[in-house]
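# Chains, contacts and geometry: an overview
Residue-level listing of the chains:
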Amino acid sequence: MIPIAKPYLTTEEAQAAYDTILTGWITQGPRVAEFEEKFARYTGAKYAVAVSNCTTALHLAMIVAGVKEGDEVICPSMSYVATANSIKYVGAKPVFAEVNPKTYNLDVVDTERKITQKTKAILLVHQIGMPADIDAFKRLADKYKLKLIEDAACAAGSAYQNAKIGSHSELVCFSLHPRKVISTGDGGFITTNREDYYQRMKLLRQHGMSVNDRVRHESAKVIFEDHVEVGYNYRMTDIQAAVGIKQLEKLDWIVEERRKIAMQYHEAFSDIDFIRLPIEEDGYFTNYQSYSVYLKENCPISRNELMQKMLDAGVSTRRGIMTSHRETAYKTEYADVSLPVSENACDNSIILPLYIPMKQEDITKVIETFKANILVAVNL
Ligand SMILES: *Cc1c(COP(=O)(O)O)cnc(C)c1O
């Protein structure tokens, strides 16, 4: 069976975890500090705050951006549900806007249409690694005096206008879940250029504690900590950070290898009329966290039937990106919300296996299985 995804982990990562365990310092400490410095340097942001996952990263971003009960935040429904959930955590309301059907990223025109007196922020997702048009959303946020937060969960290693994702705006959130391009098991980051946000997020991720354990541990004098506001335990551990430092060293190479496989899919499928392939326009550089193909209306095989046929042949696939407003947790509250572009894209997209290293025979099998099922259906 060809899996849909697989993290790229080697004995280097295992050794780093092993070595860290034997230092006796296993939760947030020196390895986390080193990883933060390296992640900031990699993305080109001034600061990076390591946290337990991207969902907690988004929660802290909402807090420091000042999003509160009664506010509205515009985001895509077509995203992993954690995007919308993070808005709910602070008592605000996710307002779903449509996506651009070619990139699956938030549509700037529909976003502007959904701005009201209550709108406080826009949560912009770089869906499956494809950067959204950050400049257009920055202009929109400036025009209406809104905060812009980036959900870059999938976009480590992607770039927009020749700069790495993480460097463009005040709050950018990343995930290190195994389904993303580099992983620490679970883990996340917020990058920011604002010193005040940086300091507050460091407090909030560790119980609002005025002095962190490491400073207290290294101090020659007795220090008593204070808890200056109600915080959270959103720490990353040093074991995770040690793994992450090794993963980060490989990130650009991993992205290049993923792009080579995506190019093979691209070339193999470019002559099929019934489908639409991912589009990377000038100024956009994707890490291909996922390779999603849209089946047009004239496609002779349905998406679900194609998924079953591929599974029968030993190739795992996934449905396209979900829509949050149709999930059970949201559908009652959003019963009157209609997002035809997002719903159509979700229902007719299929995600193909993409991981490294992926054997050439497996890449070829994915291509042949996919093409054969569509072409067989044509001949019927
Ligand atoms: C994966 C993902 C998240 C959640 O990341 P975790 O690290 O699992 O919390 C949030 N938003 C998007 C768009 C994602 O793809």
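This text gives an overview of the structure that appears in the document. Just so it is clear, the model here is predicted, and its values are computed rather than measured.

### Section: the overall build of the protein
A tally of regular secondary structure across the protein gives 13 helices and 14 strands. Here the protein has a C-alpha radius of gyration of 21 Å; the compact-globule value for 380 residues is 21 Å, and the two agree. Each of the three principal axes of the protein carries a C-alpha extent, and together these read 80 × 55 × 35 Å. A burial count over the protein gives 55% of its 380 residues as buried.

### As for the pairing of strand β3 (residues 93–97)
The buried fraction of β3 is high, at four of five residues. For strand β2 (residues 72–76) and β3, the ladder comprises five bridges, and the chain directions are parallel. The residue of β3 that forms the bridge with Ile74 is Val95. Each parallel crossover has a hand, and for β2 linked through helix α4 (residues 82–89) to β3 it is right-handed.

### Regarding the sheet that holds strand β7 (residues 163–164)
In spatial order, the strands read β7-β6-β11; together these three strands make up an open sheet with antiparallel pairing. The open sheet has two edge strands with one neighbour each: β7 and β11 (284–285). In terms of strand pairing, strand β6 (residues 159–160) meets β7 through two bridges, oriented antiparallel. Looking across to β7, one finds that Ala159 is bridged to Lys164.

### Considering unusual backbone geometry
Residue Pro357 is bonded to the preceding Ile356 through a cis peptide linkage, with omega at -10°. Following the sequence through the fold, Pro357 ends up in the loop between β14 (349–352) and α13 (360–379). Not every positive phi belongs to a glycine, and Ile128 is a case in point at roughly 40°. Within the element layout of this structure, Ile128 appears in the loop between β4 (119–125) and α6 (134–144). Assessed through its relative accessible area of 10%, Ile128 is described here as buried.

### Observations regarding the environment of Leu277
Relative to the elements of secondary structure, Leu277 occurs in the loop between β10 (275–276) and β11. Using a relative accessible area of 14% as the deciding quantity, one classes Leu277 as buried. Counting along the chain gives 98 residues from Leu277 to Arg179, while the straight-line C-alpha distance between them is 21 Å. Those residues in contact with Leu277 that lie beyond four places of it in its chain are His266, Phe269, Ser270, Tyr291 and Val293.

### A short note on the pattern of salt bridges
Going through the model one piece at a time under the given rule, you end up with 21 salt bridges. Note that Arg113 is salt-bridged to Asp110, the shortest N-O span being 2.8 Å. Of this pair, Arg113 and Asp110 both sit in helix α5 (residues 108–113), three residues apart, which is roughly one turn of that helix. In this structure, the salt-bridge partner of Arg326 is Asp347, at a minimum N-O distance of 3.0 Å. One end of the pair, Arg326, is in the loop between β13 (318–319) and α11 (328–331); the other, Asp347, is in helix α12 (residues 340–347), and 21 residues separate them in sequence. Each of Lys147, Glu170, Arg194 and Asp196 takes part in one network of salt bridges that share partners.

### Some points on the sheet that holds strand β8 (residues 171–175)
Spatially, β1-β9-β8-β5-β4-β2-β3 is the arrangement adopted by the seven strands of the open sheet, whose pairing is mixed. Unpaired on one side and paired on the other, β1 (47–51) and β3 mark the two borders of the sheet. Between one strand and the next, the sheet's axes are offset by a mean angle of 25°, whatever the strand orientation. Relative to strand β5 (residues 147–151), β4 is paired through five bridges, and the arrangement is parallel. Each bridged residue has a counterpart across the sheet, and for Ala121 the counterpart in β5 is Lys147. Helix-sheet contacts for helix α3 (residues 54–64) involve β1, β2, β4, β5, β8 and β9 (188–192), and the interaxial angle to β8 is about 165°.

### Let's talk about the packing of aromatic side chains
Considering all chains together, one arrives at 15 aromatic pairs under this definition. A ring pair is formed by Tyr47 and Tyr198, whose centres lie 4.2 Å apart and whose planes are at 15°; its orientation type is stacked. Of this pair, Tyr47 sits in strand β1 while Tyr198 is found in helix α7 (residues 195–204), placing the two residues 151 residues apart along the sequence. On the basis of relative accessible area, Tyr47 is assigned to the buried category, the value being 16%. Assessed through its relative accessible area of 14%, Tyr198 is described here as buried. Both rings, one in Tyr330 and one in Tyr334, keep their centres 5.9 Å apart while their planes meet at 50°; by these two values the pair is tilted. Here Tyr330 matches Tyr334 in class, with each residue buried. An aromatic cluster is defined as three or more aromatic residues linked by ring pairs; in this entry it consists of Tyr265, Phe269, Tyr288, Tyr291 and Phe370. The cationic tip of Arg194 hangs over the ring face of Tyr197; the distance from NZ or CZ to the ring centre is 4.0 Å. Stacked on the ring of Tyr294, the Lys or Arg Arg276 has its end atom at 4.3 Å from the ring centre.

Rules behind the numbers
- Residues numbered from 1 in each chain as written.
- Predicted model: local features only at pLDDT ≥ 70, side-chain atom pairs only at ≥ 80, totals over all residues.
- Heavy atoms only, no water.
- Helix = DSSP H or I, 4+ residues; strand = E, 2+ residues; numbered from the N terminus.
- Rg over C-alpha atoms; globule rule 2.2 N^0.38 Å.
- Buried < 20%, exposed > 50% of the residue type's maximum accessible area, 1.4 Å probe, protein only.
- Pairing = 2+ DSSP bridges.
- Right-handed = clockwise from strand over helix to strand, strands pointing away.
- Contact = heavy atoms within 4.5 Å.
- Salt bridge = Lys/Arg side-chain N within 4 Å of Asp/Glu carboxyl O.
- Axes fitted to C-alpha atoms, helices over the stretch in contact; angles between N-to-C directions.
- Phe/Tyr/Trp six-rings, centres within 6.5 Å; stacked < 30°, edge-to-face > 60°.
- Lys NZ or Arg CZ within 6 Å of the ring centre and 35° of its normal.

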